[in-house]
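Residue strings, one per chain:
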Amino acid sequence: MFESPSGRRLGSPSEGREALLESVARIVVLGSTGSIGKSAIDVIEQDGAARLALHGASSHSRWRDLAEQAARHRPRFVAITDPSYSSSLKQALHGTGVEVLAGEDGVVRMVQDPATDRVCSAVVGAAGLRGTWAALEAGKIVALANKESLVVAGPLVMQLARERNTHVFPVDSEHSAIFQALKTGARAEVKRVILTSSGGPFRGWKKSQLSNVTPDRALKHPTWRMGPKITIDSATLMNKALEIIEARWLFELEPDQIEVVIHPESIIHSLVEFVDGSVIAQLSPPDMRLPIQYALRYPHRGLAPGERLDLTRAFALRFEPPDRETFPALDLGFEVMRAGGTAGAVLNAANETAVARFLNGELAFLDIARACRAIVEHHHFDPRPTLEDLLRLDAWARGELERWHP
Ligand code: MG
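The rules behind these values
Residues numbered from 1 in each chain as written. Predicted model: local features only at pLDDT ≥ 70, side-chain atom pairs only at ≥ 80, totals over all residues. Heavy atoms only, no water. Helix = DSSP H or I, 4+ residues; strand = E, 2+ residues; numbered from the N terminus. Rg over C-alpha atoms; globule rule 2.2 N^0.38 Å. Buried < 20%, exposed > 50% of the residue type's maximum accessible area, 1.4 Å probe, protein only. Contact = heavy atoms within 4.5 Å. Areas by Shrake-Rupley, 256 points an atom, 1.4 Å probe, with all protein chains shown as cover. Donors = N, O, S within 2.8 Å, 3.2 Å for Na, K, Ca; no water. Pairing = 2+ DSSP bridges. Axes fitted to C-alpha atoms, helices over the stretch in contact; angles between N-to-C directions. pLDDT = per-residue confidence, 0-100. Patch = residues over 30% accessible without salt bridge, like charges linked within 9 Å, V, L, I, M, F, W, Y side chains within 5 Å. Salt bridge = Lys/Arg side-chain N within 4 Å of Asp/Glu carboxyl O. Left-handed = near helix turned anticlockwise from the far one by under 90°. Nonpolar A, V, L, I, M, F, W, Y, C, P; charged D, E, K, R; others polar.

Quick look at the overall build of the protein now. For the protein, the count of helices and strands is 17 helices and 11 strands. Since a compact globule built from 406 residues should have a radius of gyration of about 22 Å, the 20 Å found for the protein is in line with a globular shape. With the principal axes as the frame, the protein shows a C-alpha extent of 60 × 50 × 45 Å. The burial tally for the protein puts 56% of its 406 residues in the buried class. Considering only residue pairs separated by 6 or more positions, the protein has 70% of its internal contacts joining residues 24 or more positions apart. Accessible surface, the protein: about 17,000 Å² in total, of which carbon and sulfur atoms supply 50%.

Have a look at this one:
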């Protein structure tokens, strides 16, 4: 018996899964050629007890990387979502026995395969919602790296998980820390959760210094090595804005139970404060393989997949309040998190488009949060949208942001 992130006890089907993990868990990694996907494959490869096996993997267009992963791990199948690469991939994997699937249907087939135990959802952006949704529909446990699934459709995703008697385990390092810290007390005893943020590459900068920031400069993160989209999100603090929304739905928190603190060392990954004033933190070097492994193996722990924290070496852990004036994305995130409904889907779509336009040199760094606020504020808010409403608004917000001018 173990607990899900939202504090529900898992019943007998999950006990079956728990027993299963004592043998081998077959994992499908969606977005296996991205930053998190590669780390997930690394975790599976390093798994000393050989309790994790790669059952399937998908990529949008990086067929060479996908072929390499497949040749090495021999999953049952791989899926390339851009079908124009499927013949190249088939050729590369000829004779390996790995079945090659194409398009979104291929992803659905892999995640819904009866032999699939867990799905690591690591596609970047709202595009990842599809795979998350298909996996939950099939009753699979989802190790969620795609925070956008919850930012866009948190209440619907969590409701689907409940209906199918399955669970979403966080891969995001902050949420993994909270998930672990929550185990030290009862849910009714939680006062608040505090997400840490490194502050990104522009911590300590003022607004005037940020007006001419180039994509190259914004892509240099001080503590984490990640893909380009999340690195820009970390520089604007939009990543933290998305993460507080993710935390609200994943842990079923009230909006005023969520706070953010800047912690430049990225050693404490987040904290939970209980009613008695006790604050429980989770510490480790900044390495995504640890939260990935925790989500793939939960409720069991594996051996450290990376370096251990060395406390014989002198170092300091600092905390400071976020600079909300310089990084307005954070307050926008709090407003959107409180609003719920359609606001998260609109913010996320606007931000994805704004980041792409910034990387193309079409928007200035400070325009990202400004443009997102403009689109969120003039969208037609609905407190209880359907999935179709959200997908329609996602497309609408992208179009609006494409047309937005400073
Ligand atoms: Mg994170």
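All right, on to the coordination of the magnesium ion then. Four donors placed tetrahedrally about a metal ideally form angles of 109.5 degrees, and six donors placed octahedrally ideally form angles of 90 or 180 degrees. Every protein donor of the magnesium ion is listed here as Asp172 (OD), Glu174 (OE) and Glu243 (OE), and their distances to the metal cover 2.0 to 2.1 Å. For the magnesium ion, the donor residues sit on a single chain with the sequence spacing D-x1-E-x68-E. Here Glu174, found in helix H8 (residues 173-181), pairs with Glu243, found in helix H12 (residues 238-250); they are 69 residues apart in sequence, far enough to count as distant.

We now examine the environment of Arg64. Following the sequence through the fold, Arg64 ends up in helix H3 (residues 63-73). Since its relative accessible area comes to 59%, Arg64 is described here as exposed. Between the alpha carbons of Arg64 and Thr184 there is a distance of 45 Å; along the sequence they are 120 residues apart.

What follows is about the sheet that holds strand S1 (residues 25-30). With respect to topology, 7 strands assemble into an open sheet ordered S4-S3-S2-S1-S5-S6-S7, the strand pairing being parallel. Where the open sheet ends on each side, the last strands, each with one partner, are strand S4 (99-102) and strand S7 (168-170). Strand-to-strand twist in this sheet, taken as the mean axis angle between neighbours without regard to direction, amounts to 25 degrees. In terms of strand pairing, strand S6 (residues 141-144) meets S7 through 3 bridges, oriented parallel. Bridge pairing links Val142 to Val168 in S7. Packed on one face of the sheet, H3 meets strand S2 (52-59) and strand S3 (77-80) and runs near 175 degrees to S3. In this fold helix H6 (residues 129-137) packs onto S1, strand S5 (118-121), S6 and S7, with an angle of close to 155 degrees to the strand it touches most, S6.

Before going further, it helps to spend a moment on the confidence of the model for the protein. Where the model shows low pLDDT, its predicted coordinates should not be examined in detail. Looking at the protein, the pLDDT average stands at 94 and 95% of residues meet or exceed 70. Residue range residues 11-21 is modelled with pLDDT below 50. Its contacts to residues more than four positions away, or to other chains, number 21 contacts.

Adjacent strands of a sheet pair through backbone hydrogen bonds, lying either parallel or antiparallel. Reading across from one edge, S9-S8-S10-S11 is the order of the 4 strands in this open sheet, with mixed pairing throughout. Because the sheet does not close on itself, it has two edges, and the strands there are strand S9 (258-262) and strand S11 (279-283). Going from strand to strand, the sheet's axes swing by 20 degrees on average, the running direction of each strand aside. Of the strand pairs in this sheet, strand S8 (residues 190-197) and strand S10 (residues 268-274) are connected by 5 bridges, and their pairing is antiparallel. Residue Val193 lies in a different strand from S10, and its bridge partner there is Val272. Against the sheet, H8 engages S8, S10 and S11, with an angle of about 40 degrees to S10. Running over the sheet, H12 touches S8 and S9 and is turned about 150 degrees from S8.

So, on to a nonpolar patch on the surface. On the surface, Leu283, Leu311, Phe315, Leu317 and Phe319 cluster together into a nonpolar patch covering about 440 Å² of accessible area. By the secondary structure assignment, Phe315 is in the loop between helix H13 (289-297) and helix H14 (329-339). Looking at Phe315, the relative accessible area reads 31%, which means it is partly exposed.

Attention now goes to unusual backbone geometry. Pro299 follows Tyr298 through a cis peptide bond whose omega is 10 degrees. One can find Pro299 in the loop between H13 and H14. For Asn165, which is not glycine, the phi dihedral falls at a positive 55 degrees. Counting through the fold element by element, Asn165 comes out in the loop between helix H7 (148-163) and S7. Assessed through its relative accessible area of 34%, Asn165 is described here as partly exposed. Its identity is not glycine, yet Leu237 carries a phi of approximately 70 degrees, on the positive side. By the element assignment, Leu237 lies in the loop between helix H11 (228-236) and H12.

Glancing now at the packing of helix H2 (residues 35-46) against H13. Contact pair H2 / H13: the axes reach a minimum separation of 9 Å and the direction vectors enclose 65 degrees. Crossing hand, H2 versus H13: right-handed. For the pair formed by H2 and H13, the contact residues are Ile36, Ser39, Ala40, Asp42, Val43, Ile44 and Gln46 on the first element and Arg289, Ile292, Gln293 and Leu296 on the second. When its residues are assigned to classes, the contact of H2 with H13 shows 6 nonpolar, 3 polar and 2 charged.

Here we come to the pattern of salt bridges. Summed over all chains, the structure comprises 29 salt bridges. Two residues, Glu252 and Arg162, come together in a salt bridge whose shortest N-O distance is 3.0 Å. Of the two residues, Glu252 sits in the loop between H12 and S9 while Arg162 sits in helix H7, which places them 90 residues apart along the sequence. Note that Glu243 is salt-bridged to Lys240, the shortest N-O span being 2.6 Å. In this pair, Glu243 and Lys240 are both assigned in helix H12, 3 residues apart and thus about one turn of the helix distant. Relative accessible area serves as the criterion here: at 1%, Glu243 is assigned to the buried category. Shared partners join several salt bridges into a network, and the residues in it are Lys147, Asp172, Glu174, Lys240 and Glu243.

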